[in-house]
Amino acid sequence: MPEWKGKIMMQNPLDNVSWGSWITGFCVGDVPDQLAAAYKELTGEELVLSDGCANAGYEFLKRLHDNEPIYHLLF
């Protein structure tokens, strides 16, 4: 969503191995279907996947990336 561009702050996934699990979790098992269902419930529309996105998990991560999150280090 354009109104959130550059306003999301999160830990840099490259600085913490557990973030890899967090990211992977969006793309496997039942989670992609749950994300697609939640999207439809929220918007009333079916989720349309972007080119290269195999499921709703990849779409979520693509849209998160497109919003240019601000990465920071946690000490």
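Residues numbered from 1 in each chain as written. Predicted model: local features only at pLDDT ≥ 70, side-chain atom pairs only at ≥ 80, totals over all residues. Heavy atoms only, no water.

1. Considering the overall build of the protein
Next up, step 1: The helix and strand inventory of the protein stands at three helices and two strands.
Next up, step 2: Considering only C-alpha atoms, the protein reaches an extent of 40 × 30 × 20 Å along its principal axes.
Next up, step 3: Taking as baseline every contact in the protein between residues at least 6 positions apart, the subset at least 24 positions apart corresponds to 59%.
Next up, step 4: Of the roughly 5,600 Å² of accessible surface on the protein, a fraction of 61% belongs to carbon and sulfur atoms.
Next up, step 5: Across the protein, the 5 positively charged side chains and the 11 negatively charged ones have centroids separated by 6 Å. (Helix = DSSP H or I, 4+ residues; strand = E, 2+ residues; numbered from the N terminus. Contact = heavy atoms within 4.5 Å. Areas by Shrake-Rupley, 256 points an atom, 1.4 Å probe, with all protein chains shown as cover. Lys, Arg positive; Asp, Glu negative; His and termini not counted. Charge placed at Lys NZ, Arg CZ, Asp CG, Glu CD.)

2. Concerning the packing of aromatic side chains
Next up, step 1: Throughout the structure, instances matching the rule amount to two aromatic pairs.
Next up, step 2: When the ring of Trp22 is compared with that of Phe26, the centres are 4.8 Å apart and the planes differ by 90 degrees; the resulting orientation is edge-to-face.
Next up, step 3: The exposure class assigned to Trp22 is partly exposed, which follows from its relative accessible area of 34%.
Next up, step 4: Within the aromatic cluster, the residues linked to one another by ring pairs are Trp22, Phe26 and Phe60. (Phe/Tyr/Trp six-rings, centres within 6.5 Å; stacked < 30°, edge-to-face > 60°. Buried < 20%, exposed > 50% of the residue type's maximum accessible area, 1.4 Å probe, protein only.)

3. With respect to the side chain of Glu59
Next up, step 1: Among the structural elements, Glu59 can be located in helix H3 (residues 56–66).
Next up, step 2: Judged by its relative accessible area of 2%, Glu59 falls in the buried class.
Next up, step 3: Here Glu59 is in contact with Leu47, Val48, Leu49, Ser50 and Cys53, once residues within four sequence places are set aside.

4. Examining the packing of helix H2 (residues 31–43) against H3
Next up, step 1: The geometry of H2 relative to H3 is characterised by a closest axis approach of 7 Å and an angle of 65 degrees between their N-to-C directions. Viewed along their axes, H2 and H3 adopt a mutual orientation that is roughly perpendicular. On H3, the residues that touch Pro32, Leu35, Ala36 and Tyr39 of H2 are Ala56, Gly57, Phe60 and Arg63.
Next up, step 2: Per-class residue counts for the contact of H2 with H3 are six nonpolar, one polar and one charged. (Axes fitted to C-alpha atoms, helices over the stretch in contact; angles between N-to-C directions. Parallel < 35°, antiparallel > 145°, perpendicular 65-115°, else oblique. Nonpolar A, V, L, I, M, F, W, Y, C, P; charged D, E, K, R; others polar.)

5. Some thoughts on H3
Next up, step 1: For H3, the set of buried residues is Ala56, Gly57, Glu59, Leu61 and Leu64.
Next up, step 2: Of the surrounding secondary structure, the elements contacted by the buried residues of H3 are strand E1 (9–11), helix H1 (17–25) and H2.
Next up, step 3: Capping the start of H3 is the job of one residue whose side-chain oxygen sits 2.8 Å from the backbone nitrogen of Gly57: Asn55.
Next up, step 4: At the exit of H3 stands Glu68, carrying a positive phi of roughly 50 degrees. (Polar contact = N/O pair within 3.5 Å; in protein donor to acceptor, adjacent residues only side chain to side chain.)

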